[in-house]
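The chain contents come next:
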Amino acid sequence: MNNVIVLDEVSKIYGSKKILNGLSLEIPKGSVVGLLGRNGAGKTTLLKCVLGLLRVNSGSITTLGENPWDLSDASKSRIGYVGQSVRPYPWLQVGKIIDYMASFYPQWNSALVNQLTQQWDLDLNERVSLLSEGQMQKLAIILSLGHEPELMIFDEPVASLDPASRREFLKTILGIITQRPCTVFFSTHITSDLERVADKVALLKAGKIDFCGGLDDLKDIVKRVRLRSVKDIPQDLGISGVVSSHISAREAVITVRDFNESKHKALSKIVGNDIEIEHLNLEEIFLEMTK
């Protein structure tokens, strides 16, 4: 199986609002894919559909080769998942809930779990109901990793963590993926974290995947271009792929997708040779492409 997750023309509708709109995406085995999108873009909906927690209105999904709505117990045991807001069994102590979860899996990495609970300062005797949001998120991550899943799906996994804990989490994930074959699919709005661990980025916009590919590929195709001219610059520059533009008399700043030599030449005919091309970081590209 080359692709662990495949979505084909998937749509999901809430009432009259179409959250996912004919979305297609493939997650290759062994990859680490970061899902980017504005708040409300549908990232959580997409992940829940992949897990079979929501039923799609149209299109098809396969997760580990199965329809996620009818996912077998064997396949479920190969998945680790952390949602945005989790507080299971609030009356139990941290140590008890770890033991409870471990009882469901014949393969449970107690050494890893013990290491992470100590490293992340979780008190095994503390009740789950008394944990802070950050502590609860740490516990949820630990519980999702204990059975050494082949597929890890995280929905904003570090949203409640402080910077030091975020780094520890990313270090842990990097350590896991170098030690054993696994696939990671996670949503985030923190682009710096994505850059540290992901080898691919999927950009969700208007219910579709607007881009899916390597980080370097994305940075290569989106450029900011500064133009200066001795005469007024027209509002319509006549080139495709303009993501955003600010044109004021004889100066302009535009962000262009799929910027290439032919577009460079087309702009030169309008303004001459006073063209400056800027490379953007992932956060700048994200903000530009999701306007």
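Residues numbered from 1 in each chain as written. Predicted model: local features only at pLDDT ≥ 70, side-chain atom pairs only at ≥ 80, totals over all residues. Heavy atoms only, no water.

**Overview of the nonpolar core**
Okay, step 1: Membership of the largest hydrophobic core comes to 48 residues, with the highest contact counts inside it found for L139, L145, F154 and F169.
Okay, step 2: The biggest single contributor to this core is helix α5 (residues 133-145), with 7 residues.
Okay, step 3: Discounting residues that sit within four places of it in the chain, L145 has contacts with L112, L116, M152, F154, T172, I173 and I176.
Okay, step 4: Ranked by size, the runner-up nonpolar core spans 27 residues in total, among them A41, L64, F185 and A202. (Core = buried A, V, L, I, M, F, W, Y, C linked by side-chain atoms within 4.5 Å. Buried < 20%, exposed > 50% of the residue type's maximum accessible area, 1.4 Å probe, protein only. Helix = DSSP H or I, 4+ residues; strand = E, 2+ residues; numbered from the N terminus. Contact = heavy atoms within 4.5 Å.)

**What to know about the packing of aromatic side chains**
Okay, step 1: On inspection of all chains with the given rule, the structure shows 5 aromatic pairs.
Okay, step 2: Centre to centre, the rings of Y89 and W91 are 5.7 Å apart; their planes meet at 85°, and the pair counts as edge-to-face.
Okay, step 3: Owing to a relative accessible area of 32%, Y89 belongs among the partly exposed residues under this scheme.
Okay, step 4: Note on W91: relative accessible area 55%, which makes it exposed.
Okay, step 5: Through pairs of rings, three or more aromatic residues link up here, namely Y89, W91, Y100 and F104. (Phe/Tyr/Trp six-rings, centres within 6.5 Å; stacked < 30°, edge-to-face > 60°.)

**Regarding helix α3 (residues 94-102)**
Okay, step 1: The set of residues buried in α3 consists of V94, G95, I97, I98 and A102. Viewed end-on, α3 has its buried residues packed into an arc of 165°, placing them on one side of the element.
Okay, step 2: Looking at the buried side of α3, the elements it contacts are α4 (110-119) and α5. (Arc of directions from axis to C-beta.)

**A few points about the pattern of salt bridges**
Okay, step 1: All chains considered together, the criterion is met by 9 salt bridges.
Okay, step 2: Of the charged contacts, one joins R228 and E276 as a salt bridge, the two residues approaching to 3.9 Å between their closest N and O atoms. Here E276 lies in strand β13 (residues 275-279) and R228 lies in strand β10 (residues 222-228), a separation of 48 residues in the sequence.
Okay, step 3: Take R228: its relative accessible area is 33%, and that puts it in the partly exposed class. (Salt bridge = Lys/Arg side-chain N within 4 Å of Asp/Glu carboxyl O.)

**Looking at the sheet that holds strand β3 (residues 32-36)**
Okay, step 1: The strand order across the open sheet built from 6 strands is β5-β6-β7-β3-β8-β9, with neighbouring strands paired in mixed fashion. The sheet is open, and its two edges are formed by β5 (79-82) and β9 (208-213), each paired on a single side. In this sheet, adjacent strand axes meet at a mean angle of 15° when their direction is disregarded.
Okay, step 2: Inspection of the sheet shows β5 paired to strand β6 (residues 151-155) by 4 bridges, in the parallel sense. Residue pairing across strands places V82 opposite F154, the latter belonging to β6.
Okay, step 3: Contacts from α5 reach β5 and β6, with the element oriented near 175° to β5. (Pairing = 2+ DSSP bridges. Axes fitted to C-alpha atoms, helices over the stretch in contact; angles between N-to-C directions.)

Just geometry here; none of it tells us what the structure is for.
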